[in-house]
Amino acid sequence: MRSAFTTKLYVTVLVAIVLGAVLGFVAPGVGASLQPVGTGFISLIQMLIAPVVFCTIVTGIASAGELTSVGRVGVKALVYFEVLTTIALIIGLIVMDLFNPGSGIHAKPDSLKLSGSAQQYAQAGESQHWYDFLVNIIPKTVVSAFTEGNVLQVLLIAILFAIALKAMGERAAPIVRGVERVSEALFGIVKIIMYLAPIGAFGAMAYTTGKFGASTLASLGGIVVLFWATGIMFCLVVFGVVARLCGLRILRVYRYFKDELLITLGTANYEAVMPQLMRKLENLGCPKRIVGLVVPSGYAFNGDGVCLYLGFASLYIAQAFDVNLSLWQQIGLLAVFMITSKGSAGVAGAGFVILAATLSTTGAVPVAGIMLVLGIDRFLSTMRGLVSLCGQMLGSIVVSRWEGVLDLDRARVVLSGKPVTGNAETVPAA
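What you see is a predicted model; the values in this text were computed from it and never measured. (Residues numbered from 1 in each chain as written. Predicted model: local features only at pLDDT ≥ 70, side-chain atom pairs only at ≥ 80, totals over all residues. Heavy atoms only, no water.)

*Asks:* I keep staring at unusual backbone geometry and nothing clicks. Help me out?
*Replies:* Trans is the common state for peptide bonds, and a negative phi is the common state for residues other than glycine. Even without being glycine, Asp 322 reaches a positive phi, approximately 60°. Its location among the elements puts Asp 322 in the loop between helix H16 (304-320) and helix H17 (327-340). With relative accessibility at 39%, the residue Asp 322 sits in the partly exposed group. (Helix = DSSP H or I, 4+ residues; strand = E, 2+ residues; numbered from the N terminus. Buried < 20%, exposed > 50% of the residue type's maximum accessible area, 1.4 Å probe, protein only.)

*Asks:* Would you mind showing me how to read the packing of helix H3 (residues 35-62) against helix H9 (residues 173-194) here?
*Replies:* In a pair of packed helices, the angle between the axes and the distance between the axes together describe the arrangement. Running from N to C, H3 and H9 cross one another at 155°; their axes reach a closest spacing of 9 Å. Comparing their axes, H9 and H3 come out roughly antiparallel. Along this stretch, H3 crosses H9, giving a crossing that reads as left-handed. Across the interface between the two elements, Phe 41, Leu 44, Ile 45, Met 47, Leu 48, Pro 51, Val 52, Cys 55, Thr 56, Val 58, Thr 59 and Ala 62 of H3 pack against Val 176, Val 179, Glu 180, Val 182, Ser 183, Leu 186, Phe 187, Ile 189, Val 190, Ile 193 and Met 194 of H9. (Axes fitted to C-alpha atoms, helices over the stretch in contact; angles between N-to-C directions. Parallel < 35°, antiparallel > 145°, perpendicular 65-115°, else oblique. Left-handed = near helix turned anticlockwise from the far one by under 90°. Contact = heavy atoms within 4.5 Å.)

*Asks:* In this structure, what is going on with empty space enclosed by the protein? I would like to understand it.
*Replies:* Over the atoms rolls a probe the size of a water molecule, and in doing so it shows where empty space is left. Per the stated rule, a full pass over the model turns up 3 cavities of 30 Å³ or more. Lining the second largest cavity, in full, are Ile 61, Ser 69, Val 70, Val 73, Arg 289, Ile 290 and Leu 293. Per-class residue counts for the lining of the second largest cavity are 5 nonpolar, 1 polar and 1 charged. (1 Å grid on protein atoms, 1.4 Å probe; cavity = no way out; pocket = protein on both sides within 12 Å on 5 of 7 lines; lining within 4 Å. Points joined across faces, edges and corners; volume = space filled by probe spheres on them. Nonpolar A, V, L, I, M, F, W, Y, C, P; charged D, E, K, R; others polar.)

*Asks:* Please clarify how H9 should be interpreted in this entry.
*Replies:* The end-to-end C-alpha distance of H9, which contains 22 residues, comes to 32 Å, matching closely the 32 Å that a straight helix rising 1.5 Å per residue would cover. Where H9 is concerned, the buried positions are Val 176, Val 179, Ser 183, Leu 186, Phe 187, Val 190, Ile 193 and Met 194. The buried residues of H9 occupy an angular sector of 105° when projected down its axis, which confines them to one face. (Expected span 1.5 Å × (residues − 1). Arc of directions from axis to C-beta.)

*Asks:* Hey, could you run me through the packing of aromatic side chains in this one?
*Replies:* Aromatic ring pairs are described here by two measures, namely the spacing of the ring centres and the angle between the planes. Across all of its chains, the model carries 7 aromatic pairs by this definition. Ring centres of Phe 54 and Phe 146 lie 5.6 Å apart, and the angle between their planes is 70°; this geometry places the pair in the edge-to-face category. Residue Phe 54 is found in helix H3, and its partner Phe 146 is found in helix H7 (residues 142-147); the two are separated by 92 residues along the sequence. Using a relative accessible area of 15% as the deciding quantity, one classes Phe 54 as buried. Residue classification places Phe 146 among the partly exposed positions, given a relative accessible area of 31%. One aromatic cluster is present, formed by Phe 54, Phe 146 and Phe 161 through successive ring pairs. Looking at Lys 280, its charged tip hangs above the ring of Tyr 256, at a distance of 5.0 Å from the centre. (Phe/Tyr/Trp six-rings, centres within 6.5 Å; stacked < 30°, edge-to-face > 60°. Lys NZ or Arg CZ within 6 Å of the ring centre and 35° of its normal.)

*Asks:* I would appreciate a short explanation of a nonpolar patch on the surface in the present structure.
*Replies:* Taken together, the side chains of Ile 232, Met 233, Leu 236, Val 237, Val 241, Leu 245 and Leu 251 make up a nonpolar region of the molecular surface, amounting to roughly 660 Å² of accessible area. In terms of residue count, the dominant contributor to the nonpolar patch is helix H11 (residues 214-245) (6 residues). Examined against the element boundaries, Val 237 turns out to sit in helix H11. What makes Val 237 partly exposed here is its relative accessible area of 45%. (Patch = residues over 30% accessible without salt bridge, like charges linked within 9 Å, V, L, I, M, F, W, Y side chains within 5 Å. Areas by Shrake-Rupley, 256 points an atom, 1.4 Å probe, with all protein chains shown as cover. Salt bridge = Lys/Arg side-chain N within 4 Å of Asp/Glu carboxyl O.)

*Asks:* Is there a simple way to think about the environment of Thr 59 in this case?
*Replies:* Position of Thr 59 relative to the elements: it lies in helix H3. Each C-alpha atom of the pair Thr 59 and Leu 165 lies 9.8 Å from the other, and the pair is 106 residues apart in sequence. Among all residues touching Thr 59, those that are not within four sequence positions of it are Val 176, Val 179, Glu 180 and Lys 288. For Thr 59, the side chain forms a polar contact with the main-chain oxygen of Cys 55, separated by 2.8 Å. At 3.2 Å, the side chain of Thr 59 and the backbone oxygen of Thr 56 are in polar contact. (Polar contact = N/O pair within 3.5 Å; in protein donor to acceptor, adjacent residues only side chain to side chain.)

*Asks:* Would you take a moment to explain the pattern of salt bridges for this structure?
*Replies:* Opposite charge on two side chains permits pairing when their charged atoms draw close. Scanning the model with the defined rule gives 5 salt bridges in all. Between Glu 403 and Lys 76 there is a salt bridge, with the nearest N and O atoms lying 2.7 Å from each other. With Glu 403 in helix H20 (residues 377-403) and Lys 76 in helix H4 (residues 68-99), this pair connects stretches of sequence that are 327 residues apart. Its relative accessible area of 14% is what places Lys 76 among the buried residues. Salt bridges sharing common partners tie together Arg 72, Lys 76 and Glu 403.

*Asks:* Explain the confidence of the model for the protein chain here, please?
*Replies:* Low-pLDDT portions of the prediction should not be read for the details of their coordinates. The predicted model of the protein chain has a mean per-residue pLDDT of 80, with 79% of residues at 70 or higher. Model confidence for the protein chain, summarised as mean pLDDT per element, is weakest for helix H5 (residues 116-126) at 51 and strongest for helix H12 (residues 250-256) at 94. Between residues 425-430, whose pLDDT stays under 50, and residues either more than four places distant or in other chains, the model counts 24 contacts. (pLDDT = per-residue confidence, 0-100.)

*Asks:* I'm lost on H20 in this one. Help?
*Replies:* Given 3.6 residues to a turn, an α-helix orients residues that are three or four positions apart in the same direction. Taking 1.5 Å of rise per residue, 27 residues should cover 39 Å, and H20 covers 38 Å from first to last C-alpha, within 8% of that figure. Most of H20 is tucked away, with 24 of its 27 residues classed as buried. Phi turns positive one or two residues past the end of H20, at Gly 404, with a value near 75°.

Pasting the structure below:
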């Protein structure tokens, strides 16, 4: 029983996902009513993200040798994120051009009206700007960054606090040790909450299949299957090449992070695994100072899954309205997406908001078309989360390798399935 919620947690979560899906299909009303179970688990984890990020960054930077490496790490992380998100956008557009799944719909713009959540997303998109994340990175107060759960704002405060501690010299040592102890306690809370992961995954999957299940999949199942197939291909091929360049095998990386992948599969929310992801990356051989900086910033800038979705959804809507976008129009759409996708940090329904903002900006495709994909968004968002999570896994590995500080021997031993003890806490490898 103990192993079912620790070393064999992935098995328990997988069973919970299957049972939740069955319940949602068999008794849709009951499944839909379980939404609070899934959102409750996600909220339990999200309440810890801000303090975990703060403690990890402070202890990582304060314990590092020189401050110049912080800026260098940040630049390398942004380069990695930008390259991968651009590739995701391009692949999404290419796949839609090849398969053309929306060509037989022949929708009329006048027949669709924005309503409900789609209208809210469109309104939010119209007010979005590419520079919003730069403006919003500065919190109103130090406390508000934590109460509002804005990861970018917490990142800024943590970096400034860590630099101040470095400037204090030896006098800051007791503070750093205190922050380390607080960090250990926070990860202890994460361990306790992870016992509830199967219950959270069960409730979230039951809600998804109960509310958006059979009828929605029957009408738009083709685009869901195509998007999932493309997402899986992206994770295996593109991320596989990235992993090989770092000297690792991608399937072993996925096996190591299988708990996090399955929790994301069940909850459609990859932020819920951030604390455990950071701990396991440290155990893999990535320095704490790099993990603490790359992972939080990745949740703002590493939208691989969102960018893959943007290419899909925009061309699907265009094809449904019989709008033939030329190559140059698609390149222009790609350029706009590259800018607008960077302003999604902390925005609810980020994929829809960015899509609405970009369609409003270009004017080539009717914004009302987002109603065509609203019903299947829950199924698409699950793959968006999985792709983005895979990008997050590799982000710290890539930057650590680029910096020449990745403990590659340790990483290979851990990924081979052998538990390793060292500076980081022992985490089961497989």
